[in-house]
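Overview (structure and organization)
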Amino acid sequence: MFENFANVWTIVGLASDVIAGKPLAMRVAGERVVFFRDGAGKAVALMDQCPHRGVALSLGRVSHGEIECPFHGWRFDGAGRNCHVPWNPDAKTDHLGAHALPVREAGGLLWLFTGFEPTLEPSVSDTFLLRNAVVCGQCVTWRAHWTRVMENMLDMPHLPFVHRKTIGKQVGPAGGRRMDLAWEEQPFGARVWGKVDGAPRPSHLEYRYPNAMELFIDPPGKLLRLSAICIPEDEATTRLVLLTARNFARSSLLDPVFRWMNRRIAREDQQIVESSLPAVIPLGGQEASVRTDAPTLAFRRIYRQKLLGGTVVAPARSEPTGSGDV
Ligand code: FES
Ligand SMILES: [Fe+2]
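Residue positions are counted from 1 within each chain, in the order its sequence is given. Written order decides the labels, with chains lettered from A and ligands numbered from 1. Side-chain atom pairs in this predicted model are given and counted only at pLDDT of 80 or more, local residue features only at pLDDT of at least 70, and totals for whole chains, interfaces and linings cover all residues.

This paragraph deals with the environment of threonine 93. Here threonine 93 is to be found in the loop between strand 8 (82-84) and strand 9 (100-101). Discounting chain neighbours no more than four positions away, the residues touching threonine 93 are Asn82 and Val85. Counting from the N terminus, the helices are the DSSP runs of H or I reaching at least four residues and the strands are the DSSP runs of E reaching at least two. Whether two residues are in contact is decided by their C-beta atoms, placed from the backbone, lying within 7 Å.

What follows deals with the sheet that holds strand 4 (residues 43-47). Sheets are built from strands that pair by backbone hydrogen bonding, the pairs being arranged parallel or antiparallel. Two strands pair if DSSP finds at least two bridges between them. Taken in spatial order, the four strands make up an open sheet running 2-3-4-9, and their pairing is antiparallel. Each of the sheet's edge strands pairs with one partner strand only, and the pair in question is strand 2 (24-28) and strand 9.

What follows deals with the nonpolar core. Of all hydrophobic cores here, the largest spans 68 residues; its most connected members are Val34, Phe35, Ala45, Leu112, Val149, Cys230 and Leu240. When residues of this core are assigned to domains, at least three fall in each of domain 1 (9-113) and domain 2 (126-307). With sequence-adjacent residues up to four places away left out, leucine 240 is seen in contact with Cys139, Val140, Trp142, Val149, Ala228, Ile229, Cys230 and Ala266. By definition, a nonpolar core groups buried Ala, Val, Leu, Ile, Met, Phe, Trp, Tyr and Cys residues that are joined through C-beta atoms within 7 Å. Counting other C-beta atoms within 10 Å of each residue's C-beta, where C-beta atoms are placed from the backbone, gives the exposure class: buried for 20 or more, exposed for 12 or fewer, partly exposed between. The split into domains, and so the bounds of each, comes from an automatic or database assignment of domains.

Attention shifts here to unusual backbone geometry. Of the consecutive residues tyrosine 209 and proline 210, the connecting peptide bond is found in the cis state with omega at 0°. Mapped onto the elements of the fold, proline 210 is located in the loop between strand 16 (204-208) and strand 17 (212-216). The residue after leucine 277, namely proline 278, is reached through a cis peptide bond having omega -10°. Its place among the elements puts proline 278 in the loop between helix 3 (255-274) and helix 4 (294-307). Phi at asparagine 7 takes a positive value of approximately 60°, unusual for a residue other than glycine. Here asparagine 7 lies in the segment before strand 1 (9-14).

Across the seven residues of strand 3 (residues 31-37), five count as buried, placing the element largely inside the fold. Bridge count for strand 2 against strand 3 is five bridges, and the pairing is antiparallel. Of the residues in strand 3, the one forming a bridge with leucine 24 is phenylalanine 35. Where strand 2 folds back on strand 3, the antiparallel hairpin that results is connected by two residues, among which alanine 29 adopts a positive phi of roughly 50°. With five bridges joining them, strand 3 and strand 4 adopt antiparallel strand pairing. Each residue of the ladder has a partner; that of valine 34, found in strand 4, is leucine 46. Counting the residues that bridge the hairpin from strand 3 to strand 4 gives five residues, and of these glycine 41 lies at a positive phi of roughly 85°.

Structural data, given as structure tokens:
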């Protein structure tokens, strides 16, 4: 399970995306996951596969903090415990549970752990903990492997080519001058600084392990940060969560403007990234690289060392004990 993306915390959306009384289905690293709010109002997640006959629990309904399978009506709480088996009042429900996954609501964001036993808590960027910043978000889906999408987010030399009318405008005319990039390792991942012709760029970006980028634009005296979280859905598809944090123009009436801006920048990249071959980043020397590829090559090393080949095994189900059970 969660192959090549195992045992990590990932942002999957805004905490407000999980609405009481409604299941929210997602695909994460090849697995189906369903979120809902439990009886205490806490966001929870189960593998979206009923332990009875494997159908998607997300097609069922949520009532009183429990999710009901649409097929035969088995009900599960937020911990995956089986709370009801219709027609079988004698069923011993201990071994009839669903698999629960760790979820956190931190910094207004919804986090999922791609495994069963997290040893660490999610590392939340300070941006999302500031009280005077407002955050708006949206999702887009690209037909590309998440590693290609993540690399694009860490790549500065493409800015004046792909984003010449948006965030690449200030980098200067494309081509012909010198860019220097510094990849500074940090406990959360890395900070990437750039210089153009020796002059430090006013903006920098952060890579947050495993799959997030935050671009610090911060105009003088203001806060403006764009985040992109690259969530693998499967080998061919990435769901991008795009977040904008700002401490000015704070009215929610202006959210559509900031969403539009973020969507426009992402669209400038999409077709180009989707055209990459091979679909998954090659890990040997198959691609020609230069000095300014240092951040993407650093990401490749991290991917190879920490994620590639990783997998999760679901906890064993206890054996049935009651005479009426099968
Ligand atoms: S498949 Fe879910 S209750 Fe039967
Ligand atoms: Fe880009």
